[in-house]
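Structural overview
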Amino acid sequence: MSGDCTVTVTSEQELIDLCIKGDRIAQRALYDRLASRMYPLCLRYVGERGIAEDILQDGFVTLFTRLDDFRGQGSFEGWARRIFVNTALMYLRKKDALRMSDDIDSARHLASGAVSQTESIGYKELMRLITSMPPGFRTIFNMYVIEGYSHKEIAGMLGISETTSRTQLSRARTWLQNKIKATGKDA
């Protein structure tokens, strides 16, 4: 924040308490603190900047509405992150984007050495490829690989079986490996 619209807090909990009381300056400070970390998360789930921005805003509405639910168990950022993941998942459910695709014929032709190819591309290119995954693959991949949810947690959150979660993750990895392999050919 810049100018005279600053809030001085001594702890994260104090900032949260001010936000709960409706302090707009504190809410802006919390937004500024979290937005740069939550936007990439939203983008990884939906793959489109404009939609990710909408989900970010919806996530903050939910966060500010539910701030008094935070009990201080675990990190606040982890608690907030779960809100943004759930907001993205709700969007994907509404768009029926979580319908799992079996259209992976090209993914079945994976060369055995493709796993090591992730080392040959940069972070930005890898994130671009993840963002371009089919929605069902991208969702499971993000939840398991990036967010660290277990297959049991994913199954519960998405209303699918653990086996479906494992299968979609395997297919997502294969899809990604094939795209990395194709990127290597183009270079």
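Keep in mind that this is a model prediction, so the values were computed, not measured. (Residues numbered from 1 in each chain as written. Predicted model: local features only at pLDDT ≥ 70, side-chain atom pairs only at ≥ 80, totals over all residues. Heavy atoms only, no water.)

Once that is clear, we can look at the overall build of the protein. Secondary structure summary: the protein contains 8 helices and 0 strands in total. Ordered by position in the sequence, the α and β elements of the protein form the string α-α-α-α-α-α-α-α. In the protein, buried positions account for 40% of the 187 residues. Counting only contacts in the protein whose residues sit at least 6 apart along the sequence, the fraction spanning at least 24 positions is 66%. When the accessible surface of the protein is totalled, it reaches about 10,600 Å², and 48% of it is carbon and sulfur. (Helix = DSSP H or I, 4+ residues; strand = E, 2+ residues; numbered from the N terminus. Buried < 20%, exposed > 50% of the residue type's maximum accessible area, 1.4 Å probe, protein only. Contact = heavy atoms within 4.5 Å. Areas by Shrake-Rupley, 256 points an atom, 1.4 Å probe, with all protein chains shown as cover.)

Glancing now at the side chain of Thr139. Its place among the elements puts Thr139 in helix α6 (residues 135–146). Accessibility expressed as a relative area gives 0% for Thr139, which makes it buried. For Thr139, the side chain forms a polar contact with the main-chain oxygen of Pro135, separated by 2.7 Å. (Polar contact = N/O pair within 3.5 Å; in protein donor to acceptor, adjacent residues only side chain to side chain.)

Quick look at helix α2 (residues 24–46) now. Look at α2: only 29 Å from first C-alpha to last across 23 residues, short of the 33 Å you get at 1.5 Å a residue. Of all the bends in α2, the largest measures some 50 degrees and sits at Ala35. Of the residues one or two after α2, Gly47 is the one with positive phi, at around 80 degrees. (Expected span 1.5 Å × (residues − 1). Bend = angle between axes of the 7 residues up to and from the residue.)

So, on to the confidence of the model for the protein. Of all residues in the protein, 80% attain a pLDDT of 70 or more, and the chain-wide mean is 83. Mean pLDDT in the protein bottoms out at helix α5 (residues 123–131), which sits at 86, and peaks at helix α3 (residues 49–66), which reaches 96. Low pLDDT (under 50) marks residues 101–118, which in the prediction has 25 contacts with non-local residues, meaning those over four places away or in another chain. (pLDDT = per-residue confidence, 0-100.)

Aromatic ring pairs are defined here through the distance separating the ring centres and the angle between the ring planes. Tallied over the entire structure, the rule returns 6 aromatic pairs. A ring pair is formed by Phe70 and Phe76, whose centres lie 5.1 Å apart and whose planes are at 80 degrees; its orientation type is edge-to-face. Accessibility assignment for this pair places Phe70 and Phe76 in one class, buried. Each residue in the set Tyr31, Phe60, Phe64 and Phe84 is aromatic and connected to the rest through ring pairs, giving one cluster. (Phe/Tyr/Trp six-rings, centres within 6.5 Å; stacked < 30°, edge-to-face > 60°.)

Take the environment of Asn142 next. Topologically, Asn142 is positioned in helix α6. We classify Asn142 as buried; its relative accessible area is 0%. Placed 98 residues apart in sequence, Asn142 and Arg44 show a C-alpha to C-alpha distance of 7.1 Å. When sequence neighbours within four positions are dropped, the list of residues in contact with Asn142 reads Arg44, Tyr45, Ile130 and Glu147.

Let us now look at the pattern of salt bridges. Following the criterion strictly, the structure yields 7 salt bridges and no others. Linking Glu77 and Arg37 is a salt bridge whose minimum nitrogen-to-oxygen distance equals 3.0 Å. Taken as a pair, Glu77 in helix α4 (residues 76–94) and Arg37 in helix α2 lie far apart in primary sequence, 40 residues in all. For Glu77, a relative accessible area of 29% puts it in the partly exposed group. On the accessibility criterion, Arg37 (40% relative accessible area) is partly exposed. Linking Arg128 and Glu125 is a salt bridge whose minimum nitrogen-to-oxygen distance equals 2.6 Å. Highlighted residues: Arg128 and Glu125, both in helix α5, separated by 3 residues, approximately one helical turn. Within the structure, one salt-bridge network assembled from shared partners comprises Arg44, Arg81 and Glu147. (Salt bridge = Lys/Arg side-chain N within 4 Å of Asp/Glu carboxyl O.)

Time to look at the nonpolar core. The biggest cluster of nonpolar side chains holds 51 residues, and the ones touching the most others in it are Tyr45, Leu56, Leu63 and Phe76. Those elements that provide at least two residues to this core are α1 (12–20), α2, α3, α4, α5, α6, α7 (151–158) and α8 (162–186). With 13 residues, α2 is the largest single contributor of residues to this core. The contacts of Tyr45, once residues within four sequence positions are left out, are Val85, Ala88, Leu89, Leu92, Arg138, Thr139, Asn142, Met143 and Glu147. (Core = buried A, V, L, I, M, F, W, Y, C linked by side-chain atoms within 4.5 Å.)

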